[in-house]
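Next come the chains, spelled out residue by residue.
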Amino acid sequence: MLDMSSGEIVIGGEMDESDLYIAPTVLVNVEDTDELMKEEIFGPLLPIVAVDDIDHAIRFVNSRERPLALYVFSRNQAVISHVANNTISGTFCANDTMVQGGVGNLPFGGVGQSGFGTYHGRNSFTTFSHGQGYLNRPHGLEFINKALRYPPTTPAKMSILQRLVVTPRKGFLSRIPTPVSYGLLAILVYYLLKLMNYAPF
């Protein structure tokens, strides 16, 4: 990877393949299309890409795949917040490196191409657990399905279902989840049928 880079080595560069050794190396004048900028670097190589300002740096980060970690070094808290609020990364760390991976209750993991899920503490349990959706509808409410959901379809049925599921509700009704409103309708229909001396179940 280092051999294919067009960047200029200003620090390090020594390698010993027989000893699997690469000296800590800093490269400058690295283009965004350089080989070093195309893959994750799990080694002591630091390519430096010059930018005009902080917004240029943010655009550069956002134009590429989401990184596993994003580091910002600044004495200006506004700059740190600006970068954090305008980029997406697996983890974010200001004025240090790697320490966020050592905080036991801080979620660590990638996003997008850099990975899925997080671990550490409760996040490990959640990531490696399966949250199963479970719904058990009482069979006694089957009469609602017969009255509204099942064929034959009629304009009246469609109108009621559309109001329950599709039509935006206003006022306090907008705060009631659709399944809850469906259940309330079922209760209302049930008691109306009881008043009519009809026992659906």
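Quick caveat, the model's predicted, so the values are computed rather than measured.

Caption draft 1: Looking closely at the overall build of the protein. Scanning the protein for helices and strands turns up six helices and seven strands. Listed by position from the N terminus, the elements making up the protein come as β-β-β-β-β-α-β-α-β-α-α-α-α. A burial count over the protein gives 21% of its 201 residues as buried. Element-wise, carbon and sulfur atoms account for 59% of the exposed surface of the protein, whose accessible area totals about 14800 Å².

Caption draft 2: Expanded view of the layout of surface pockets. Of the volumes computed, that of the largest pocket is approximately 1800 Å³. Looking at the largest pocket, it is lined by 36 residues, and the ones nearest its centre are Met37, Pro67, Ala69, Leu70 and Tyr71. Looking at the lining of the largest pocket, the elements that each hand over two or more residues are strand 5 (45-47), helix 1 (54-62) and strand 6 (69-72). The leading source of residues in the lining of the largest pocket is helix 1, at five residues. Residues of the lining of the largest pocket, tallied by class, amount to 25 nonpolar, five polar and six charged.

Caption draft 3: Examining the pattern of salt bridges more closely. A complete count under the given rule lists one salt bridge for this structure. With its nearest N and O atoms 3.2 Å apart, the salt bridge here joins glutamate 35 to lysine 38. Judged by relative accessible area, which is 29%, glutamate 35 ranks as partly exposed.

Caption draft 4: Representation of the pairing of strand 4 (residues 25-28) in the model. Two strands pair when backbone bridges link them, and strand 1 (residues 8-11) and strand 4 are joined in this way by three bridges, in the antiparallel orientation. Counted as the bridge partner of isoleucine 9 is leucine 27 from strand 4. Bridging between strand 4 and strand 5 involves three bridges; their strand directions are parallel. Paired with valine 26 across the bridge in strand 5 is leucine 46.

Caption draft 5: Layout of the pairing of strand 7 (residues 91-94). Residues Thr91 and Cys93 of strand 7 are buried on one face, while the alternating residues Phe92 and Ala94, pointing to the opposite face, are not. One ladder, built from four bridges, connects strand 6 with strand 7; its direction is parallel. Counted as the bridge partner of alanine 69 is threonine 91 from strand 7. The β-α-β motif built from strand 6, the intervening helix 2 (residues 77-85) and the parallel element strand 7 has right-handed crossover chirality.

Caption draft 6: Molecular detail of the environment of serine 5. Within the secondary structure, serine 5 is located in the segment before strand 1. Judged by its relative accessible area of 14%, serine 5 falls in the buried class. Sequence separation of serine 5 and methionine 37 is 32 residues, and the distance between their C-alpha atoms is 9.1 Å. A distance of 3.0 Å separates a polar atom in the side chain of serine 5 from the backbone nitrogen of glycine 7. At 3.1 Å, the side chain of serine 5 and the side chain of aspartate 34 are in polar contact.

Caption draft 7: Local environment of unusual backbone geometry. With omega at 5°, the peptide bond leading from proline 151 into proline 152 counts as cis. Tracing the chain through its elements places proline 152 in the loop between helix 4 (142-149) and helix 5 (155-165). Positioned with a positive phi, leucine 20 is a non-glycine residue whose angle comes to about 50°. Here leucine 20 lies in the loop between strand 2 (15-16) and strand 3 (21-22). Phi at asparagine 29 is positive, roughly 60°, even though this residue is not glycine. Tracing the sequence through the fold places asparagine 29 in the loop between strand 4 and strand 5. Of the residues examined, asparagine 29 reaches a relative accessible area of 54% and is grouped as exposed.

Caption draft 8: Spatial organisation of the packing of aromatic side chains. According to the stated counting rule, one finds one aromatic pair in the structure shown. Consider the rings of phenylalanine 108 and tyrosine 119, whose centres lie 5.8 Å apart with planes at 75°: the pair is edge-to-face. Remark: tyrosine 119 occurs in the loop between strand 7 and helix 3 (122-127) and phenylalanine 108 occurs in the loop between strand 7 and helix 3; sequence separation between them is 11 residues. What makes phenylalanine 108 buried here is its relative accessible area of 15%.

The rules behind these values
Residues numbered from 1 in each chain as written. Predicted model: local features only at pLDDT ≥ 70, side-chain atom pairs only at ≥ 80, totals over all residues. Heavy atoms only, no water. Helix = DSSP H or I, 4+ residues; strand = E, 2+ residues; numbered from the N terminus. Buried < 20%, exposed > 50% of the residue type's maximum accessible area, 1.4 Å probe, protein only. Areas by Shrake-Rupley, 256 points an atom, 1.4 Å probe, with all protein chains shown as cover. 1 Å grid on protein atoms, 1.4 Å probe; cavity = no way out; pocket = protein on both sides within 12 Å on 5 of 7 lines; lining within 4 Å. Points joined across faces, edges and corners; volume = space filled by probe spheres on them. Nonpolar A, V, L, I, M, F, W, Y, C, P; charged D, E, K, R; others polar. Salt bridge = Lys/Arg side-chain N within 4 Å of Asp/Glu carboxyl O. Pairing = 2+ DSSP bridges. Right-handed = clockwise from strand over helix to strand, strands pointing away. Polar contact = N/O pair within 3.5 Å; in protein donor to acceptor, adjacent residues only side chain to side chain. Phe/Tyr/Trp six-rings, centres within 6.5 Å; stacked < 30°, edge-to-face > 60°.

This is a description of form; function is not addressed.
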